[in-house]
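Summary of structural features
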Amino acid sequence: MGLKQEIERRKTFAVVSHPDAGKTTLTEKLLLYGGAIQVAGAVKNNKIRKTATSDFMDIERQRGISVATSVMGFEYKGKQINILDTPGHQDFAEDTYRTLTAVDSAIVVIDVAKGVEQQTEKLVNVCRMRNTPVIVFVNKLDRLGKDAFELLDEIEEKLNIRVKPLSWPINMGDKFKGVYNLYEKNLQLFTPSKQTVTESITFNDMNDPSLKEYIGEKDAGKLREELELIKEVYPEFSNEDYSTGAISPVFFGSALHNFGVRELLDCFLDISPSPNQRPAEERLVSPEEENFTGFVFKIHANMDPNHRDRLAFVRVTSGIFKRNTFYYHVRLGKKMRFSSPTSFMASKQEVIERAYPGDIVGIHDTGNFKIGDTLTEGEELHFKGMPSFSPEHFKYIVNTDPMKYKQLDKGIDQLMDEGVAQLFTGKKSGRKIIGTVGNLQFEVIQYRLLHEYGASARYEPINLYKTCWITSKNKEQLEEFKARKANNLALDKWGREVFLAESKFALDMAREKYPDIEFHFTSEFEEE
Ligand code: G4P
């Protein structure tokens, strides 16, 4: 098979959701279709424990598990499917966001009863930033939940996306009878007692009187009315609108009962994009280019001090990655080759000879890689799209062993390179602030500093709402702002200035008072 065909048959995506909406269950059902696992429960058993915990054995165990499930590859109907796991629960971290920069599309799972929840909003926000196409799966229709139309309104409003239902539920909870699939134009019947799909009947014409034989007169009437309404309210589905992220198809079903999952998968295979062009600072890189390029989007460290090696996750963006071939590490300006690159088929790691655009390769690393690093065949390229996000939890980090300053600095430095958290240094005070997306990171950092670098540190609270990068065309105003807010300025790890906003109110005030200043919440913005 040629490079072009290999690219076209690849689908690299992430399943994202707020904890408990059904991401794991859905992923598992998708893997079952691909024959990647034989029995339900295989992913589940590996599942990260949900309780907040400070048991460090648990942190280690979780990290071990998350590497096993970080990429799940399988073949289905001739396609190579790569599902990238997005850590949720309490290990929700910048890693989760960054994973989304390595996919070509996403499936968002929403609990029909709970609707759009906080983490879903954050994750879809990141998708929207890069126009990543999104398909929504409304889950748990076997339970009572929100009215489908209301839910669609909520999705549009909270996620700031336009939707188009491609399947439509017939009741829910005990009365759930199935869905009408607008994409395939067929009726999927569900029998709650048997908890399975019992029948799939093609209905091109909803006015066909035999509809009532399947779902009863009342529900047939209701379904007809609702489908009419859908036609009036929502736009025609167009693949182009979906692939530019302008519109998101919505499916309804129940992951637990494997209902609506095959329809979702089949439609997904039909419409979801294969690897496409990616912007680098220098130029657009097309997957069909002969020369290999790729970038590191995740680094997984081994917490066992006896095995310091780390695993760098490289997304192939163009050409063919080959084992034992010299590639150019752009940041370090040196050539390196990799003797045991791994792929993640069916959640077991295997050494691979080659990998194609869309694939994720695991490379054993002894400290050469940082998040965002680019590999090429010699070209000076820097891929865009590895932004840092303004963290949400902040603490001062304080050294508690005066003899170990160096170790602490080195440890913090390396952990930040891995993307565990972000470091800000107060411009006036010189104090170090750690910013994280999830709370668990603080414990992980403290533990790893001690066990891997022999440095002990403690945290002190800081009153901080957000950090934002600041730019302005109005240099005078920017200077005035900086002078006034000198105590609230810090430097990020690249030495760029950030504003430390103590509260939402303080941020709003600053925005109002200094209208020419732009406050950025991700590090990816045009310098002015
Ligand atoms: P997550 O990865 O998004 O956190 O969610 P997960 O798949 O673990 O699902 C969360 C809970 O919701 C699980 O129950 C799961 O069985 C249930 N669930 C998933 N899909 C459906 C569905 O379609 N219908 C119903 N009724 N429940 C669903 P749990 O009790 O937390 O776990 P378990 O004891 O079943 O393992």
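Remember, it's a predicted structure, so these values are computed and weren't measured experimentally.

Now for the packing of helix H2 (residues 23–33) against helix H10 (residues 261–271). Where H2 meets H10, the closest approach of the two axes is 10 Å, and the angle between their N-to-C directions is 70°. Taken together, H2 and H10 sit at an angle that is classed as roughly perpendicular. Between H2 and H10, the contacting residues are Leu26, Lys29, Leu30 and Tyr33 on the first element and Val261, Arg262, Leu264 and Leu265 on the second. Among the residues making up the contact of H2 with H10, the classes are represented as six nonpolar, no polar and two charged.

Scanning the entire structure with this criterion turns up 20 aromatic pairs. Aromatic ring contacts, followed pair by pair, group Phe292, Phe321, Tyr327, Phe338 and Phe369 into a single cluster. Note that Arg431 overlies the ring of Tyr396, its terminal NZ or CZ placed 3.7 Å from the centroid.

The next subject is the pairing of strand S9 (residues 186–191). Within S9, five of the six residues are buried, which leaves it mostly tucked inside the rest of the structure. In the sheet, strand S8 (residues 178–181) pairs with S9 via four bridges, with the strands oriented antiparallel. When the sheet's bridge partners are listed, Asn181 is paired in S9 with Asn186. In this antiparallel pair of consecutive strands, S8 and S9, the connection spans four residues, and Lys185 shows a positive phi of 55°.

The next point concerns the sheet that holds strand S27 (residues 457–461). Strands belonging to one sheet form pairs held by backbone hydrogen bonds; the direction of such a pair is parallel or antiparallel. Taking strand neighbours across the sheet as the criterion, the eight strands line up as S27-S24-S26-S25-S29-S30-S28-S31 in an open arrangement whose pairing is antiparallel. Strand pairing shows two members of the sheet lacking a second neighbour, S27 and strand S31 (517–520), which therefore form its edges. Going from strand to strand, the sheet's axes swing by 40° on average, the running direction of each strand aside. In the sheet, strand S28 (residues 466–472) pairs with strand S30 (residues 497–501) via four bridges, with the strands oriented antiparallel. Following the sheet pairing, Cys468 is matched in S30 by Phe499. Helix-sheet contacts for helix H11 (residues 405–418) involve strand S24 (393–399), strand S25 (422–426), strand S26 (432–436) and S27, and the interaxial angle to S26 is about 30°.

Another point: the side chain of Arg9. Position of Arg9 relative to the elements: it lies in the loop between helix H1 (3–8) and strand S1 (10–17). Since its relative accessible area comes to 13%, Arg9 is described here as buried. Side chain to side chain, Arg9 and Glu6 meet in a polar contact 3.1 Å long. There is a polar contact of 3.1 Å between the side chain of Arg9 and the backbone oxygen of Gly78. Excluding its chain neighbours within four sequence positions, the residues that come into contact with Arg9 are Met1, Glu75, Gly78, Lys79 and Gln80.

Another aspect to go through is helix H5 (residues 118–129). In an α-helix there are 3.6 residues to a turn, and that puts residues three or four apart on one side. Taking 1.5 Å of rise per residue, twelve residues should cover 16 Å, and H5 covers 17 Å from first to last C-alpha, within 8% of that figure. Restricting attention to buried positions, one finds in H5 the residues Gln119, Thr120, Lys122, Leu123, Val124, Val126 and Cys127. Buried residues in H5 make contact with S1, helix H4 (94–99), strand S4 (105–111), strand S5 (134–139) and helix H6 (148–159). One or two residues past the end of H5 sits Asn131, with phi positive at roughly 50°.

Low-pLDDT stretches of the model should not have their predicted coordinates read in fine detail. Put simply, the chain has an average pLDDT of 86, and 87% of its residues get 70 or more. Under a pLDDT of 50 for its full length, residues 45–57 has, in the predicted model, 24 contacts with residues more than four places off or in other chains.

The next point concerns the pairing of S25. Burial analysis of S25 places four of its five residues in the buried class, which makes it a mostly covered element. Across four bridges, the pairing between S25 and S26 is antiparallel. Within S26, the position partnered with Thr425 by the bridge is Lys432. Hairpin connection between S25 and S26: a loop of five residues separates the two successive antiparallel strands, and Gly430 in this loop has a positive phi of roughly 70°. In this structure, S25 lies alongside strand S29 (residues 489–491), joined through two bridges in antiparallel fashion. Residue pairing for S29: Thr425 is matched across the bridge by Leu491.

Okay, the environment of Gly495 next. You can see Gly495 is positioned in the loop between S29 and S30. Along the chain, Gly495 and Phe424 lie 71 residues apart, while their C-alpha atoms are 9.0 Å from each other.

For the rest of this paragraph, the subject is the nonpolar core. Val138, Ile155, Trp168, Leu187, Leu223 and Phe252 are the most contacted members of the largest nonpolar core, which totals 63 residues. Broken down by element, the residue count for this core peaks at six residues, all from H6. Each of two domains, domain 1 (3–271) and domain 2 (278–376), supplies a minimum of three residues to this core. Apart from the residues lying within four places of it in its own chain, the contact partners of Trp168 are Ala148, Phe149, Leu152, Gly178, Val179, Tyr180, Leu182, Leu223, Glu226, Leu227, Ile230 and Phe252.

Right, let's get into the packing of H11 against helix H12 (residues 440–453). Across the interface, H11 lies against H12 with an axial gap of 10 Å and an inter-helix angle of 125°. Taken together, the axis directions place H11 and H12 in an arrangement best described as oblique. Between H11 and H12 the crossing geometry is right-handed. Contacts between H11 and H12 involve Gln407, Leu408, Gly411, Ile412, Gln414, Leu415, Met416 and Glu418 from the first element and Ile445, Arg448, Leu449 and Tyr453 from the second. Class assignment for the residues of the contact of H11 with H12 results in seven nonpolar, three polar and two charged.

About the thresholds
Residues numbered from 1 in each chain as written. Predicted model: local features only at pLDDT ≥ 70, side-chain atom pairs only at ≥ 80, totals over all residues. Heavy atoms only, no water. Axes fitted to C-alpha atoms, helices over the stretch in contact; angles between N-to-C directions. Helix = DSSP H or I, 4+ residues; strand = E, 2+ residues; numbered from the N terminus. Parallel < 35°, antiparallel > 145°, perpendicular 65-115°, else oblique. Contact = heavy atoms within 4.5 Å. Nonpolar A, V, L, I, M, F, W, Y, C, P; charged D, E, K, R; others polar. Phe/Tyr/Trp six-rings, centres within 6.5 Å; stacked < 30°, edge-to-face > 60°. Lys NZ or Arg CZ within 6 Å of the ring centre and 35° of its normal. Buried < 20%, exposed > 50% of the residue type's maximum accessible area, 1.4 Å probe, protein only. Pairing = 2+ DSSP bridges. Polar contact = N/O pair within 3.5 Å; in protein donor to acceptor, adjacent residues only side chain to side chain. Expected span 1.5 Å × (residues − 1). pLDDT = per-residue confidence, 0-100. Core = buried A, V, L, I, M, F, W, Y, C linked by side-chain atoms within 4.5 Å. Domains from an automatic or database assignment. Left-handed = near helix turned anticlockwise from the far one by under 90°.

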